[in-house]
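Residues per chain are reported as follows:
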There are 2 protein chains.
Amino acid sequence: MRREATGTETGASADLRNAGGRNIIEIIRMTRAALRKSDRKVADIVLHDPQRILKATVGETATLAQVSQPTVLRFATAIGCKGFRDFKIRLAQSLALGTPATHSVLLGTDEPETVAEKIFDYTMTSLDWARSHLDKAAMLKAIDLLAKARTIEFFGFGASGIVARDAQQKFPLFGVPCGAQLDSHQQIMVASMMKEGDVAFVISNTGTTRSIMEIARIARENGAAVICLTGSDSPLASCCDVALIVETLENTNMYTPTISRIAALVVIDVLSTSVAMRRPVEDQARIHNMKRQLSDMRKDQPT
Amino acid sequence: MRREATGTETGASADLRNAGGRNIIEIIRMTRAALRKSDRKVADIVLHDPQRILKATVGETATLAQVSQPTVLRFATAIGCKGFRDFKIRLAQSLALGTPATHSVLLGTDEPETVAEKIFDYTMTSLDWARSHLDKAAMLKAIDLLAKARTIEFFGFGASGIVARDAQQKFPLFGVPCGAQLDSHQQIMVASMMKEGDVAFVISNTGTTRSIMEIARIARENGAAVICLTGSDSPLASCCDVALIVETLENTNMYTPTISRIAALVVIDVLSTSVAMRRPVEDQARIHNMKRQLSDMRKDQPT
DNA sequence: GACATTTATGTAATTTTATTACCAAACAGG
DNA sequence: CCTGTTTGGTAATAAAATTACATAAATGTC
């Protein structure tokens, strides 16, 4: 009773389904258009109030959607689940990250407690999204470049400057000298001095900042490898050797904090850790030592 | 809402259960000792391979635990679930955040892809943990102080310095001038200049850094309110007006990246957003405007 | 240390829920 | 306007969850 290529399959193609990764709600949203009319009714009530369905039985769901029970079952298989049971498990997992962002928009009347809940939820949901949209190939290329680098320079402004500085602090993991430039004049100077074997790591959420693109260009002209970390497939991405695009759920609500920097920080964690793991075993002790030094430095920095 | 006690209740007291927040696995770990002998068998196989149980029926679970089916049911109610169904839903949600941290420790042999998965998972799990362990009362007091502040100064070293800088960048939300001091000499100078009405926001993950405690002391002597953001109930916490303790799952594995700064950043998000929401309605437009300015600044910073 | 009382666990019956088999309407193409 | 195909419903069936009840183990009391 696999439903892959059998006759029961509707127009909803497998690749569409996979695109959403593990989040069943996303899968439903995407396949919705390709579903049968009645299945769509089920899809709609699930999307409308997933929490309700989580506690519902097949019968209740059928009533809510105004369809028959088997239709609910067919809906479940149509979106790629093994059965209703499996569907509910998957729904529960999708909902664990908090009700989808659209539901958790902050209201002016929210109590601080609610605000905390929502912001945490939103952050976690966004991280989940970022993870499922990571470009693994680009990631691998970036790790390759970083592992071979002689020095690494991080560039960024504003919120991205924070990320750059954080990355720079991870130099013990990267194992080579790292710099972080936040002043645009300094940036130009440093970029001009880079040469083959160096890696310029350019961070810009928007990917449109003029001066940051200039940095990328200069570093590249001098023979340095250029990696960028950006929020969308921007102009900056096209002029780099590797573009790490970290998509985040953006939300125009003024209260919604910028999530992009959190996702970027986690990506940096992944890169630095992977690079550290790439090093030969005989270096491990040395890295361990460095890490401890960093740890000590954080713990107690005497005047 | 979910875990009210029924008559079947065993010695496992309600407060114990609530301590774990929403994560059923944690709840099981904590209540395990207080469970009946047979129930404990069930608890053990759940903890041992939660993924397996997620796909199992009552019967299968009973066989795996070598108990009868009703025992499995009783186990479910004992840990505060409405029934086996409810238990599975909750288990699914707990597992969605990634297999518990202990399972996702990085191995030297992991592929970069796996590393990414694990780090994202770990970050999300930790955030979930941090959320459920937030001290709401302290949070409220901090928001009160920040909302009334005339100026805010953030202090931090190393990784915490990153957090301080990030917080400072949120000044449009706080609505008052904010500073971030990262150099210890500067810190002493600025702290000495603070006076009543000012807020010193001291960030230190360990909470034991000598110089940072000195800062807190100086600022306090001068009449400034002192808020600290720290990772545990440390010496620093006891000498501040408000102590925000953000517990994170710590893990001694060398590859595990420091999660504390991520949690701290999210807490700052919560604080700044709450403060912004606290402002009178007539200020909202002004804040909105400031926020846009900040946004523009991020987008494009001409040389 | 036997007896009463509570607590813990299993067996079997029962109910609820999920799934399947089958049939009828709607629909598209010839 | 037939004919095969797709879609959706009804009713039967299988599977799973839950309850009722009985028995065994443990605990305490005199």
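Residues numbered from 1 in each chain as written. Chains lettered and ligands numbered in written order. Predicted model: local features only at pLDDT ≥ 70, side-chain atom pairs only at ≥ 80, totals over all residues. Heavy atoms only, no water.

Residue and element names in this part refer to chain A. In this model, chain A carries a mean pLDDT of 77, and residues with pLDDT of at least 70 account for 76%. Counting contacts from residues 1-21, a segment whose pLDDT is below 50, to residues more than four positions away or on other chains yields 25 contacts. In this model residues 251-257 is a low-confidence stretch, pLDDT under 50, and it forms 21 contacts with partners more than four residues away in sequence or in other chains. (pLDDT = per-residue confidence, 0-100. Contact = heavy atoms within 4.5 Å.)

Here the focus is the protein's contact with DNA strand C. Every one of the 17 residues lining DNA strand C counts as a neighbour, but Val 58 and Phe 84 of chain A together with Ser 38, Thr 71 and Arg 74 of chain B are closest to it. Across the atoms of DNA strand C situated within 4 Å of the protein, the share located in sugar and phosphate is 71%. With respect to DNA strand C, the backbone of Phe 84 of chain A contributes an N or O atom lying 2.7 Å from a phosphate oxygen. In this structure, Ser 68 of chain B approaches DNA strand C through a side-chain N or O atom, which is 3.0 Å from a phosphate oxygen. For the surface near DNA strand C, the leading source of residues is helix H6 (residues 69-78) of chain B, giving three residues. Class assignment for the residues of the surface near DNA strand C results in seven nonpolar, five polar and five charged. (Near = heavy atom within 4 Å. Polar contact = N/O pair within 3.5 Å; in protein donor to acceptor, adjacent residues only side chain to side chain. Helix = DSSP H or I, 4+ residues; strand = E, 2+ residues; numbered from the N terminus. Nonpolar A, V, L, I, M, F, W, Y, C, P; charged D, E, K, R; others polar.)

The local shell around DNA strand D holds 15 residues, among which Ser 38, Thr 71 and Arg 74 of chain A together with Val 58 and Phe 84 of chain B are the closest. When the atoms of DNA strand D within 4 Å of the protein are grouped by moiety, sugar and phosphate amount to 69% of the total. A distance of 2.7 Å is found between a phosphate oxygen of DNA strand D and a side-chain nitrogen or oxygen belonging to Ser 38 of chain A. Measuring from a phosphate oxygen of DNA strand D, one finds a side-chain N or O atom of Ser 68 of chain A at 3.0 Å. Counting only elements with at least two residues in the surface near DNA strand D, the list comes to helix H3 (37-48) and helix H6 (69-78) of chain A together with H6 and helix H7 (84-96) of chain B. No other element matches the three residues that H6 of chain A contributes to the surface near DNA strand D. For the surface near DNA strand D, the residue count by class is five nonpolar, five polar and five charged.

Here the focus is the sheet that holds strand E3 (residues 198-204) of chain B. Residue and element names in this part refer to chain B. One open sheet accounts for five strands, arranged E2-E1-E3-E4-E5; its pairing is parallel. The sheet terminates laterally at strand E2 (178-181) and strand E5 (242-245), the two strands that pair on one side only. When the angles between neighbouring strand axes are averaged without regard to direction, this sheet yields 15 degrees. Note that strand E4 (residues 225-230) and E5 share four bridges and pair parallel. Looking at the pairing, Leu 229 lines up with Leu 244 of E5. Sheet strands touched by helix H12 (residues 184-193): strand E1 (151-155) and E2. Its angle to E1, the strand with the most contacts, is close to 155 degrees. (Pairing = 2+ DSSP bridges. Axes fitted to C-alpha atoms, helices over the stretch in contact; angles between N-to-C directions.)

Most of E4 of chain B sits inside the fold, with six of its six residues counted as buried. Following the chain from E3 of chain B across helix H13 (residues 210-221) of chain B to the adjacent parallel E4 of chain B, one finds a crossover that is right-handed. (Buried < 20%, exposed > 50% of the residue type's maximum accessible area, 1.4 Å probe, protein only. Right-handed = clockwise from strand over helix to strand, strands pointing away.)

Below, the discussion takes up helix H10 (residues 158-168) of chain B. Buried residues dominate H10 of chain B, accounting for nine of its eleven residues. Among the residues making up H10 of chain B, those that are buried are Gly 158, Ala 159, Ser 160, Gly 161, Ile 162, Val 163, Ala 164, Asp 166 and Ala 167 of chain B.

What follows covers the pattern of salt bridges. Side-chain pairs of opposite charge can arise whenever the charged atoms involved come near each other. All chains considered together, the criterion is met by 22 salt bridges over all chains. The residue Arg 36 of chain A makes a salt bridge to Asp 39 of chain A at a minimum N-O spacing of 2.6 Å. Put simply, Asp 86 of chain A and Arg 90 of chain A hold a salt bridge, and the shortest N to O gap is 4.0 Å. Remark: Arg 90 of chain A and Asp 86 of chain A occur in helix H7 (residues 84-96); sequence separation between them is four residues, near one turn of the helix. Several salt bridges converge on common partners, so that one network encompasses Asp 166, Lys 170 and Asp 269 of chain A together with Arg 261 of chain B. (Salt bridge = Lys/Arg side-chain N within 4 Å of Asp/Glu carboxyl O.)

This part covers the environment of Arg 278 of chain B. All names here are of chain B. Mapped onto the elements, Arg 278 comes out in helix H15 (residues 260-278). Take Arg 278: its relative accessible area is 38%, and that puts it in the partly exposed class. Between the C-alpha atom of Arg 278 and that of Phe 174, which follows or precedes it by 104 residues, the distance is 9.9 Å. Discounting chain neighbours no more than four positions away, the residues touching Arg 278 are Ile 143, Asp 144 and Ala 147.

A word on the nonpolar core. Among the nonpolar cores identified, the biggest contains 86 residues, and Phe 201 of chain A together with Phe 201 of chain B are the most heavily contacted of them. If sequence neighbours within four positions are ignored, Phe 201 of chain B has contacts with Leu 146, Ile 152, Glu 153, Phe 154, Phe 155, Ile 227, Leu 229, Leu 244, Ile 268 and Leu 271 of chain B. Formed by 56 residues, the second largest nonpolar core is a distinct cluster that contains Ile 28 of chain A together with Ile 27, Val 42 and Val 72 of chain B. (Core = buried A, V, L, I, M, F, W, Y, C linked by side-chain atoms within 4.5 Å.)

Each aromatic ring pair is summarised here by two numbers: the centre-to-centre distance and the angle between the ring planes. Residues and elements named next belong to chain A. Throughout the structure, instances matching the rule amount to six aromatic pairs over all chains. When the ring of Phe 84 is compared with that of Phe 87, the centres are 5.9 Å apart and the planes differ by 45 degrees; the resulting orientation is tilted. One end of the pair is Phe 84 and the other is Phe 87, both in helix H7 and three residues apart, which spans about a single turn. Take Phe 84: its relative accessible area is 10%, and that puts it in the buried class. Classification of Phe 87 as buried rests on a relative accessible area of 1%. (Phe/Tyr/Trp six-rings, centres within 6.5 Å; stacked < 30°, edge-to-face > 60°.)

So, about the packing of helix H8 (residues 112-132) of chain A against helix H8 (residues 112-132) of chain B. One way to put it is that H8 of chain A packs onto H8 of chain B with a least axis distance of 10 Å and a crossing angle of 175 degrees. It follows from the interaxial angle that H8 of chain A and H8 of chain B lie roughly antiparallel. Facing H8 of chain A, whose interface residues are Glu 117, Phe 120, Asp 121, Thr 123, Met 124, Leu 127, Asp 128, Ala 130 and Arg 131 of chain A, H8 of chain B presents Glu 117, Phe 120, Asp 121, Thr 123, Met 124, Leu 127, Asp 128, Ala 130 and Arg 131 of chain B. Grouping the amino acids of the contact of H8 of chain A with H8 of chain B by side-chain chemistry returns eight nonpolar, two polar and eight charged. (Parallel < 35°, antiparallel > 145°, perpendicular 65-115°, else oblique.)

Next up on the list: helix H13 (residues 210-221) of chain A. Residue and element names in this part refer to chain A. In a regular helix each residue adds 1.5 Å, so twelve residues correspond to 16 Å; H13 covers 17 Å between its end C-alpha atoms and thus fits that length. Burial in H13 covers these residues: Ser 211, Ile 212, Ile 215, Ala 216, Ile 218 and Ala 219. Buried residues along H13 cover an arc of 165 degrees about the axis, so they all sit on one side. Residues of H13 that are exposed and point over 90 degrees away from its buried face: Arg 210 and Glu 221. Lining the buried residues of H13 we find strand E1 (151-156), helix H12 (184-193), strand E3 (198-204), strand E4 (225-230) and helix H14 (235-238). With its phi angle positive at about 95 degrees, Gly 223 sits one or two positions after the end of H13. (Expected span 1.5 Å × (residues − 1). Arc of directions from axis to C-beta.)

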